[in-house]
Amino acid sequence: MGKKENCCGCTACVQACPQRCIKMVYDEEGFQYPEIDKTICVHCGICDKVCPFNKNDVIDTDPIAVAAYCKDNRIRYQSSSGGIFTILAISILKQNGVVFGAVFDSKTKKVKHMSVDSIEGLDRFRGSKYIQSELNDSYKNIENYLLKGTKVLFSGTSCQVAGLKSYLRKDYSNLVCVEVICHGVPSLKLWNLYVDDIEKKMNKEIDNVQFRCKKYSWENFGTNISFCGKSNLFQFSFENPFFRFFNSNLCLRPSCYNCKVKGKNTKADISLGDFWHIDEIYPNLDDGKGISLVLLCTEKGKQLFDSVSDEMIVFTNGVDYRTACSCNPAIEKSMEESNKREKFFKDLPNMGFDELVNTYSPKT
């Protein structure tokens, strides 16, 4: 596998291996990496060929940037930003297509990718998930749909989109890839500690997590945790210890500090994120309900967006790619690694969750 900073965990190698001799294994920090069973490996080299981080191709797209939000207030409220993903997904489903995206699994308390072929099933796909999702056989299943001529929309992080494109090894006109503008993915070991801690303190089992709840407003968001028994716990982002760890850049995957598929090197057709500071371009526009930053990276992405634009409020004047990057730097910039990261992961298995919080991310 080589250096860990050169592996994003996309699982393209696992899903492409004809011998099925590669599996994903969690390391001591709580991130998955491929492990090869050398007793059955035939050295075909396919795993190296499909690794997106082994490729030196530079796409250098010229994205069209717009600000937009969904006219349906229910969809907009349930979404992290402006609800644009749902509008795009509904369009594909109305064409007898299928949508792949990330959902929170209440049984495992993890995030995983799954597919849906009905509009009713989209609710679980809405909202940001601040854990790296398990892709399992998603790439294989997508390929099967594509070969049958079914339209597919895949939503994921930049590296997951790059992994899918690399796995397929050819372009498909019936595939649209939508990426989320990504801060990075945190350690699952830390997440599991947090889940155990909150369930013990509440004496209840977590049923669902809304990582970006707009109960009060889009910018003043928080985490809303639902427990079995229908009770809820809402914490603003500065109150929630896991969210503070995430924002501190202490606990991100090594590859996230030098992401190779950000910005104009994206492999996606459309990029979606938050259009922070939109009020500086359009005074009084921010009504607290969320504005999406949309980057149309390919002609295919632009055609899909234009086909559903009647269901959105779209702003283009004064919006361009440079402006978008200044309002949401994560479009192009990887997060800077904390100088406390190494020590944090040494202490992670030896400290209780409260001690970790007090030592590395106390509430201010």
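Residues numbered from 1 in each chain as written. Predicted model: local features only at pLDDT ≥ 70, side-chain atom pairs only at ≥ 80, totals over all residues. Heavy atoms only, no water.

Below, the discussion takes up the overall build of the chain. Along its length, the chain carries 12 helices and 13 strands. Taking 364 residues into account, the globule formula puts the C-alpha radius of gyration at 21 Å, and the chain, at 20 Å, falls close to it. With the C-alpha coordinates of the chain rotated into their principal frame, the extents come out at 55 × 55 × 40 Å. Here the chain holds 364 residues, and the buried ones make up 56% of them. Put simply, of all contacts in the chain between residues at least 6 apart along the chain, 68% involve residues at least 24 apart. Of the roughly 16,800 Å² that the chain leaves accessible, carbon and sulfur atoms contribute 47%. (Helix = DSSP H or I, 4+ residues; strand = E, 2+ residues; numbered from the N terminus. Rg over C-alpha atoms; globule rule 2.2 N^0.38 Å. Buried < 20%, exposed > 50% of the residue type's maximum accessible area, 1.4 Å probe, protein only. Contact = heavy atoms within 4.5 Å. Areas by Shrake-Rupley, 256 points an atom, 1.4 Å probe, with all protein chains shown as cover.)

This next bit is on helix H12 (residues 353-360). Buried residues of H12: Phe 353, Leu 356, Val 357 and Tyr 360, and no others. Down the axis of H12, the buried set is contained in an arc of 100°. They therefore lie on one face. Residues of H12 that are buried sit in contact with helix H7 (188-202), helix H8 (241-248) and helix H11 (341-347). (Arc of directions from axis to C-beta.)

Turning to the nonpolar core, a few remarks are in order. One recurring pattern in soluble globular proteins: nonpolar side chains tend to sit buried together. With 61 residues, the main nonpolar core has Trp 191, Phe 245 and Phe 344 as its most contacted residues. It is H7 that contributes the most residues to this core, six residues altogether. Every residue in contact with Phe 245, bar those within four places of it in the chain, is listed here: Leu 190, Leu 250, Cys 251, Phe 344, Phe 353, Leu 356, Val 357, Tyr 360 and Ser 361. Core analysis: the next-biggest nonpolar cluster, separate from the first, contains 28 residues, Val 66, Ile 90, Val 103 and Val 176 among them. (Core = buried A, V, L, I, M, F, W, Y, C linked by side-chain atoms within 4.5 Å.)

Another point: the sheet that holds strand E7 (residues 175-180). Spatial strand order, E5-E4-E6-E7-E11-E12-E3-E13: eight strands in an open sheet with mixed pairing. Of all strands in the sheet, those bounded by a partner on one side alone are strand E5 (110-116) and strand E13 (312-315). On average, adjacent strands in this sheet sit at an angle of 30° to one another, irrespective of strand direction. The pairing of strand E3 (residues 64-70) with strand E12 (residues 292-296) spans five bridges and is antiparallel. Paired with Ala 68 across the bridge in E12 is Ser 292. Relative to E12, helix H9 (residues 299-307) is tilted by about 135°, and along the sheet it contacts E3, strand E6 (152-157), E7, strand E11 (270-274), E12 and E13. (Pairing = 2+ DSSP bridges. Axes fitted to C-alpha atoms, helices over the stretch in contact; angles between N-to-C directions.)

We now examine H7. Across its 15 residues, H7 extends 21 Å between first and last C-alpha, which sits within 8% of the 21 Å expected from 1.5 Å per residue. Regarding H7, the residues found buried are Leu 188, Leu 190, Trp 191, Tyr 194, Val 195, Asp 197, Ile 198 and Glu 199. In this structure Ser 187 caps H7, since a side-chain oxygen of it lies 3.1 Å from the backbone nitrogen of Lys 189. After H7 finishes, the residue Asn 203 shows a positive phi value of roughly 55°. (Expected span 1.5 Å × (residues − 1). Polar contact = N/O pair within 3.5 Å; in protein donor to acceptor, adjacent residues only side chain to side chain.)

A word on the layout of surface pockets. Quantified by volume, the largest pocket comes out at close to 980 Å³. Every residue lining the largest pocket is counted, 45 residues in all, and those nearest its centre are Ser 128, Tyr 130, Val 180, Ile 181 and Arg 212. Sorting the residues of the lining of the largest pocket by element identifies helix H4 (84-94), strand E4 (98-105), E5, E6, E7, H8 and E11 as the ones contributing at least two each. Considered class by class, the residues forming the lining of the largest pocket number 19 nonpolar, 22 polar and four charged. (1 Å grid on protein atoms, 1.4 Å probe; cavity = no way out; pocket = protein on both sides within 12 Å on 5 of 7 lines; lining within 4 Å. Points joined across faces, edges and corners; volume = space filled by probe spheres on them. Nonpolar A, V, L, I, M, F, W, Y, C, P; charged D, E, K, R; others polar.)

Looking now at the environment of Val 176. Topologically, Val 176 is positioned in strand E7. Residues Val 176 and Leu 153 lie 23 residues apart in sequence; the distance between their C-alpha atoms is 4.8 Å. With sequence-adjacent residues up to four places away left out, Val 176 is seen in contact with Val 152, Leu 153, Phe 154, Asp 269, Lys 300 and Leu 304.

Right, let's talk about the pairing of E6 for a bit. Of all six residues that make up E6, six are buried, and the element is covered over most of its length. Both E6 and E7 contribute to a ladder of six bridges, which runs parallel. Across the sheet, residue Ser 155 finds its bridge partner in E7, namely Val 178. Crossover E6 to E7 through helix H6 (residues 158-168) is right-handed. (Right-handed = clockwise from strand over helix to strand, strands pointing away.)

Of note, Ser 166 is situated in helix H6. Its relative accessible area of 5% is what places Ser 166 among the buried residues. Ignoring any residue separated from it by four or fewer positions in sequence, one finds Ser 166 in contact with Lys 49, Val 50, Cys 51, Pro 52 and Lys 55.

Between helix H5 (residues 138-147) and H6, the shortest axis-to-axis distance is 10 Å and the interhelical angle comes to 55°. Considered as vectors, H5 and H6 are oriented oblique to each other. Two packed elements cross with a definite hand, and for H5 against H6 that hand is right-handed. In contact with Tyr 139, Lys 140, Ile 142, Glu 143 and Leu 146 of H5, H6 contributes Gln 160, Gly 163, Leu 164, Tyr 167 and Leu 168. Taken together, the residues that form the contact of H5 with H6 break down as six nonpolar, two polar and two charged. (Parallel < 35°, antiparallel > 145°, perpendicular 65-115°, else oblique. Left-handed = near helix turned anticlockwise from the far one by under 90°.)

At a closest axis distance of 10 Å, the pairing of H4 and H9 adopts a crossing angle of 95°. Classified by the angle between their axes, H4 and H9 sit roughly perpendicular to one another. In contact with Ile 84, Leu 88, Ser 91 and Ile 92 of H4, H9 contributes Leu 304, Phe 305 and Ser 307. Here the residues of the contact of H4 with H9 are counted per class, giving five nonpolar, two polar and no charged.

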